[in-house]
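Structural features, examined
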Amino acid sequence: MRSAFWAELRRSPLRWWLPVLALVNVAVMASDQGWAGAWPRASAEALRPVVFLGPLVAAGAAWSAARSGLPGVSDRMRSTARVGWMPDAAQLASSAVIGLVGYLTGVAYAAFASVAQAGPGFLWPGYLLLGAAATAACAAIGHIAGRVTGSRFGAPVAAGGGCLILMMALSSLLGLTENGNAVGGDPAFAVKPVALDTRLLLGLGLTATAVTLPSLFGLRAGRWRPELQRWSAGAVGVAVVAAAAALMPTQQVLQERAAPTAPDCTATVPRICLWPEDHFYLKDVTALAVRAGQLPPGLRVPAAFYEQGVKADDSSGFSLDFGSVSDNMWFVASAMAYNVMSSTFGPKACFPSSMSQISYDKMQQSGLLLVQWLSTRIFGGPQPSTVFGGPPGVDPTAIGRLAKEPEAAQAAFVRTQATVQDKYLCKAHAQR
Amino acid sequence: MDNNTSAERVGDHGRRAVEARALSLGYGRRLVIKDLDFEAVPGVVWLLGPNGAGKTTLLRTLATVSPPRGGTLKILGNVVSGERSARRARSGIGYLPQRFGFYPNFSVYDFVRYCAWLRGVAERGAHQAALAAIGAVGLERQAGTTMRRLSGGMAQRAGIAAAIVGRPPLLLLDEPTVGLDPAQRLEFRSLISSLDGTTVVLSTHLVEDVRAVGGTVVVMNDGRAVFRGSGEELKAAAGPGWPGENALEQGYMNVIGTGQANR
Amino acid sequence: MPSGSTVARYIRAHHWRGLAIAAAALVADVALSVHTDVSSPAVNGYITVPLAAQVPLITVCLVISSIDGPMASLEQAGSTTLRRCQLWYLVCASCAAALLVGATAALLAPLGTALVLVRGVAIWAGMALLSGRVLRWSLAWVLPLASFFPLNYFGADAAGRFYWWYWARQPAGQVPCLLIAVGSIAVGTCAVALTPWRLASHRAAAVRMFNRLRGRRHTVFSDSSQDIHART
């Protein structure tokens, strides 16, 4: 089997695609390197190219397998002394290996880009296996399409197009997205073992189906009846695929991890505590913490800020899921700003039901101004141009200018806004 | 290189490589061959016959590609009655179909080596066996050339190499000399003649190949074997007055009942 | 124009059964996907794209690839009749595919959506024609499928605004995308028109012009013992 596999690999039409697959992979990964430096994020990032890689691998595998329709090939395969699944296995293996090598190029890039600056550990296998399972599944789908139709006309388009639709429509089922959002590799979450097993089973079931069933198609008078084992193996493959497909919608791909016993915290007051895997961000959040400790009087700053999931039984906390370091730090600063607001004015805004709309708007606007200013102060500069949106009715540029004014002016600003908050919020909740 | 693995695997088959009794073969609802008895012992057996006589159908069945509709088939001493026994028999059969297919991207070496693997030739020694087969058909210099770049004749020689790789005890060749130039046909004849101990069953339209190599001749017509004997006996069927080379053709035409060849 | 029987014969030799099945599948595809948006990875995170964006891609790949067939080697030596048939088939099959996709979408979604899909058919048809001509007709799907990646991945800026050239998300009447469609069809048409013989003659003409510009003449050898050089 080894010689057949190597012959297939050496001569596979897909081998010309390898540079393209690798290029697509690296282009996706290199376009935004905010993930570099944190192992779970780097691992999740390696999943993103699979949406494009999978259909290319499926189309190529279908093209390769459709050679079974070439004149004379069918008789050659029917005169083989090898068990029926072996030639298919050798060919599918070559297509899958090429697809996986293309995928692993991105994984290698992720490791290479992160190794110099990442914290303890290495790439997380859960994410990598999700991507590998999806790539192998696409190769199997392509092989089935090519072998069953024997047509180089429709099989590549059907397989490539079909996988494209699957990848786009079912990306969350496959684990490539979570609830329509990117799987960001947040260390607070990990791939659920059961979910991973289901997706691996899907890949294995499709592979078993791909190598056993196609030669059974077109069974008609004039062929030896295949042995029961081949039917059984094919039936098992189909059953496994069906079971996995039925289970997948019922499962969340990610599950929360237990809080770390030794989070990575800054040596500042207040301190900021991160997941050890996000050690890469420690230097940047230290700067935020120092600035949070230098806020004008009148604001109550919590003793500690936590990344999501770091504090047990506390699902709040900021998230480092936004891409570039700069963008991330802005959103951390915003989250810290809201924490400071809650700590100072109460966790829950409480105001009289008889409050007029004008008064409500004033209170809202005052709160938003304070949040934006706090974010700017903690961040150490105005809102980055790459971050869009913000509190409605608040001019980030104006707030940026305010944050550069003398401390006395800013302290006066704080007092003014605090007065507005105090005026309208329930005295029972005020903690100033 | 003498690879006995195939023969050992299929066991001691005595003298007869092929024993078929009352074979009925066909496609769909059409019965092409009915109640045919056929035997082949080590040596050369030529299948002659007009188009549609059933030669290819017979060879495909002997190669266990298609199961017979009726009758019994024994290949190399083993009864072939299902897929498992068919697969076991194939390890001793080298088969060249009339329209043989190949993967266009494969080189000649890849193709021959892959076919050796398909036939169950052991990995150890397969490399040497492939090289020997390629050398036997004179394609050493094209060993690294992809199949799609070969001329028709070279591709045919590659197919012959794929059939003889590993020296199977039974060789089934369907019109093997198609596309070969005269010099290559001479080489092919000497190759066939040199395969001692091998049973070679070939179909051909070229009577001069029969004349040159000798062996047993089976003439098929309309799904029946209408003649079985040596080349001399076929010549004798021409009747008196047919000297030299035309006698074989006339004998053939007499046995299939189409009248006289040109003198 | 080729006769009806010629066209029918041509279609029979070019995957008519597969195309019929594909047509039914495409109608179902449009029906199921025209109202669905999905997430697709993009350079700035993820963007929302219409699932129906893949329908023109698949349609075009099937239609253009069907030019290939089991008798391709015989068709290479075909006469003018075959060539005319081929061109008519290309035009009519592409239009029929666009009509099928557009009509199905128009029944289920606003007219603008249908026109966007038809525009997509035109754009990808040009790419498929180029891919088929450069590689081979059965590989006409390569360029379109490969283009799907950069189109979707780099199609939007950081604010999620789609670039002008991301045709799947631009309104039907947007001029730059219409120009892209026209340009793509033009490129595809040129690719089809550039047959191997025309290419060879253009190449020969280019070589002659190049040599003339460099001031060379042909060196003519009448026989091995007499070299005649004519130099300026």
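Residues numbered from 1 in each chain as written. Chains lettered and ligands numbered in written order. Predicted model: local features only at pLDDT ≥ 70, side-chain atom pairs only at ≥ 80, totals over all residues.

A short note on the overall build of chain B
The condition that has to hold: Under the DSSP-based scheme used, a helix requires at least four consecutive residues in state H or I and a strand at least two consecutive residues in state E, with every element numbered from the N terminus. Radius of gyration: C-alpha atoms only; globule rule: 2.2 Å multiplied by the number of residues to the exponent 0.38. In this description, a residue-residue contact is defined by the distance between C-beta atoms placed from the backbone, which must lie within 7 Å.
In terms of regular secondary structure, chain B is built from 10 helices and 10 strands. Relative to the globule expectation of 18 Å for 263 residues, the C-alpha radius of gyration of chain B, 18 Å, shows essentially globular dimensions. For the C-alpha atoms alone, the extent of chain B along its principal axes is close to 55 × 40 × 35 Å. Partitioning the intrachain contacts of chain B with sequence separation of at least 6 by distance along the chain shows that 65% fall at a separation of at least 24.

Notes on the overall build of chain A
Stated precisely, the cut-off is as follows: Exposed residues have 12 or fewer other C-beta atoms within 10 Å of their own C-beta, buried residues have 20 or more, and partly exposed residues fall in between, where C-beta atoms are placed from the backbone.
For chain A, the count of helices and strands is 16 helices and 7 strands. Relative to the compact-globule value of 22 Å for 432 residues, chain A shows a C-alpha radius of gyration of 28 Å, a clear excess of over 25%. Counting only C-alpha atoms and orienting by the principal axes, one finds that chain A spans roughly 95 × 45 × 40 Å. When each of the 432 residues of chain A is scored for burial, the buried share is 49%. Pairs at least 24 apart in sequence give 80% of the contacts found in chain A among residues at least 6 apart.

Topic: the interface of chain C and chain A
Selection rule: All residues other than Ala, Val, Leu, Ile, Met, Phe, Trp, Tyr, Cys, Pro, Asp, Glu, Lys and Arg, Gly among them, are scored as polar; the first ten of these are nonpolar and the last four charged.
With 30 residues of chain C in contact, the opposing surface of chain A contributes 31 residues. Sorting the residues of the side of chain C that touches chain A by element identifies α2 (16-33), β1 (37-42), β2 (45-50), α3 (54-65) and α7 (142-153) of chain C as the ones contributing at least two each. Element by element, the count of residues in the side of chain C that touches chain A is highest for α3(C), at 6 residues. Of the residues that constitute the side of chain C that touches chain A, the class distribution is 18 nonpolar, 11 polar and 1 charged.

Focus on the interface of chain B and chain A
Listed as interface residues are 31 residues of chain B and, on the opposing side, 25 residues of chain A. For the side of chain B that touches chain A, the secondary-structure elements that each account for two or more residues are α3 (83-90) and α4 (108-118) of chain B. Along the lines of polarity and charge, the residues of the side of chain B that touches chain A split into 14 nonpolar, 8 polar and 9 charged.

Observations regarding the domain arrangement of chain A
Residue and element names in this part refer to chain A. To keep it simple, the criterion reads: Reported domain spans reflect what an automatic or database domain assignment gives.
If you check the domain split of chain A, you get domain 1 (2-256) and domain 2 (264-424). Measuring from the centre of the C-alpha atoms in domain 1 to the corresponding centre in domain 2 gives 45 Å. Each side of the interface is counted separately: domain 1 has 16 residues, and domain 2 has 14 residues. Of the residues that constitute the side of domain 1 that touches domain 2, the class distribution is 7 nonpolar, 6 polar and 3 charged.

Let's talk about unusual backbone geometry
Of note, the bond from A:Val269 into A:Pro270 is cis; its omega dihedral lies within 30 degrees of zero at -5°. Mapping A:Pro270 onto the fold places it in the loop between β5 (264-265) and β6 (271-274). A positive phi angle is found at B:Ala22, which is not glycine, with a value near 50°. Take B:Ala22: it is sitting in strand β1 (residues 18-27). Even without a glycine there, the phi angle at B:Asp222 is positive, about 55°. Mapped onto the secondary structure, B:Asp222 falls in the loop between β9 (216-221) and β10 (224-230).

A look at the pairing of β9(B)
Residues and elements named next belong to chain B. Worth spelling out the cut-off: A pair of strands is considered paired only if DSSP assigns at least 2 bridges between the two.
Most of β9 is tucked away: 5 of the 6 residues are buried. In this sheet, β9 lies alongside strand β3 (residues 43-48) in parallel orientation, the contact comprising 4 bridges. Residue pairing across strands places Leu48 opposite Val219, the latter belonging to β9. Alignment of β9 against β10, held across 6 bridges, turns out to be antiparallel. Pairing of Asn221 across the sheet is with Arg224, part of β10. With antiparallel pairing between neighbouring strands as the criterion, β9 and β10 make up a hairpin whose turn holds 2 residues, including Asp222 at a positive phi of roughly 55°.

Focus: α7(C)
What counts, and what does not: Helix span, as expected, comes to 1.5 Å for every residue beyond the first.
Between its first and last C-alpha atoms α7(C) spans 18 Å; for 12 residues at 1.5 Å apiece the expected length is 16 Å, and the two agree. Taken as a whole, α7(C) has its buried residues at C:Val142, C:Pro144, C:Leu145, C:Phe148, C:Phe149, C:Leu151, C:Asn152 and C:Tyr153.

Topic: the nonpolar core
As a rule of thumb, soluble globular proteins bury nonpolar side chains together. Defined as follows: Nonpolar core, as used here: buried Ala, Val, Leu, Ile, Met, Phe, Trp, Tyr and Cys residues forming one set through C-beta atoms within 7 Å.
Ranked by size, the top nonpolar core spans 263 residues in total, and within it A:Met336, B:Val112, B:Ala158, B:Ala161 and B:Val165 carry the most contacts. For this core, the element with the highest residue contribution is helix α7 (residues 125-149) of chain A, accounting for 15 residues. When we break this core down by domain, the ones giving at least three residues each are domain 1 (2-256) and domain 2 (264-424) of chain A. For B:Val112, the residues in contact, after removing those within four places along its chain, are B:Ala130, B:Ala133, B:Ile134, B:Ala158, B:Ala161, B:Ala162 and B:Val165.

Looking at the sheet that holds strand β7 (residues 170-174) of chain B
Residues and elements named next belong to chain B. What counts, and what does not: Only the contacting stretch of a helix is used when fitting its axis, a line to C-alpha atoms as for every element, and angles between N-to-C directions run 0 to 180 degrees.
Reading across from one edge, β6-β7-β8-β3-β9-β10 is the order of the 6 strands in this open sheet, with mixed pairing throughout. Single-partner strands in this sheet number two, and they are β6 (93-96) and β10. Each strand of the sheet is rotated relative to its neighbour by a mean of 15°, with strand direction disregarded. Bridge analysis of β6 against β7 gives 4 bridges, and the strand direction is parallel. From the neighbouring strand, Tyr95 faces β7, where its bridge partner is Leu172.

A closer look at the packing of helix α6 (residues 85-114) of chain A against α7(A)
All names here are of chain A. The line we're drawing: Should the near helix be turned anticlockwise from the far one by less than a right angle, the crossing is left-handed, and should it be turned clockwise, the crossing is right-handed.
Contact geometry for α6 and α7: axes closest at 9 Å, N-to-C directions at 145°. For the pair α6 and α7, the sense of crossing is right-handed. Together, Asp88, Leu92, Ser95, Ala96, Gly99, Leu100, Tyr103 and Val107 of α6 and Leu128, Gly131, Ala132, Thr135, Ala136, Cys138, Ala139, Ala140, Gly142, His143 and Arg147 of α7 make up the contact between the two elements. A breakdown of the residues in the contact of α6 with α7 according to their chemical character gives 11 nonpolar, 6 polar and 2 charged.

Focus on the environment of A:Val51
Relative to the assigned elements, A:Val51 resides in helix α4 (residues 50-65). Residue classification places A:Val51 among the buried residues on the basis of 28 C-beta atoms within 10 Å. In the structure, A:Val51 is positioned 105 residues away from A:Pro156 in sequence and 17 Å away in space, judged by C-alpha atoms. Among residues more than four places away in sequence, those in contact with A:Val51 are A:Met167, A:Ser171, A:Leu176, C:Ser40 and C:Pro41.

Observations concerning the confidence of the model for chain A
Under the convention used in this document: Predictor confidence is given residue by residue as pLDDT, running from a minimum of 0 to a maximum of 100.
Averaged over every residue, the pLDDT of chain A is 85; the share at 70 or more is 93%. The low-confidence segment residues 428-432 of chain A, where pLDDT is below 50, has 12 contacts with residues more than four positions distant or belonging to other chains.

Some points on the environment of A:Pro382
Within the secondary structure, A:Pro382 is located in the loop between α14 (357-379) and α15 (396-402). The sequence separation of A:Pro382 and A:Ile399 amounts to 17 residues, and the corresponding C-alpha distance is 7.4 Å.

Considerations on the environment of C:Arg169
Locating C:Arg169 in the fold gives a position in the loop between α7 and α8 (175-193). Placed 73 residues apart in sequence, C:Arg169 and C:Ala96 show a C-alpha to C-alpha distance of 23 Å.

Section: the sheet that holds β6(A)
All names here are of chain A. Here 3 strands make up an open sheet; going across it, the order is β5-β6-β7 and the pairing mixed. Two strands bound the open sheet, and with one partner strand each, they are β5 and β7 (304-306). Contacts between helix α12 (residues 282-292) and the sheet are confined to β5 and β6, with β6 contributing the most and set at about 155° to the helix.

A closer look at the packing of α14(A) against helix α16 (residues 407-424) of chain A
All names here are of chain A. Put simply, the rule is: Between 65 and 115 degrees an angle is taken as roughly perpendicular, under 35 as roughly parallel, over 145 as roughly antiparallel, and anywhere else as oblique.
Following both chains from N to C, one finds α14 and α16 inclined at 140°, their axes separated by 9 Å at the closest point. Judged by the inter-axis angle, α14 sits oblique to α16. Both α14 and α16 take part in a crossing whose hand is left-handed. Facing Ser359, Lys362, Met363, Ser366, Gly367, Leu369, Leu370 and Trp373 of α14, the residues of α16 in contact are Phe413, Gln417, Val420, Gln421 and Tyr424. Of the residues belonging to the contact of α14 with α16, the class tally is 7 nonpolar, 5 polar and 1 charged.

A word on the confidence of the model for chain B
Residues and elements named next belong to chain B. With 91% of its residues at a pLDDT of 70 or more, chain B shows a mean pLDDT of 85. Across chain B, strand β8 (residues 199-203) holds the top mean pLDDT of 95, while helix α1 (residues 5-10) sits lowest at 37. Within the model, the stretch residues 259-263 combines pLDDT values under 50 with 8 contacts to residues more than four positions away or in other chains. Interface confidence in the predicted complex, given as ipTM, is 0.78; pTM for the same model is 0.82.

Focus on the pairing of β8(B)
All names here are of chain B. For clarity, the cut-off: When the strands point away from the viewer and the path from the first strand over the helix to the second turns clockwise, the crossover is right-handed.
The buried fraction of β8 is high, at 5 of 5 residues. The alternating pattern of β8 places Thr199, Val201 and Ser203 and Val200 and Leu202 on opposite faces, both of which are buried. As paired strands, β3 and β8 are joined by 5 bridges and run parallel to one another. Counted as the bridge partner of Val44 is Val200 from β8. For the handedness criterion, the β-α-β arrangement of β7, helix α7 (residues 182-193) and β8 is classed as right-handed.

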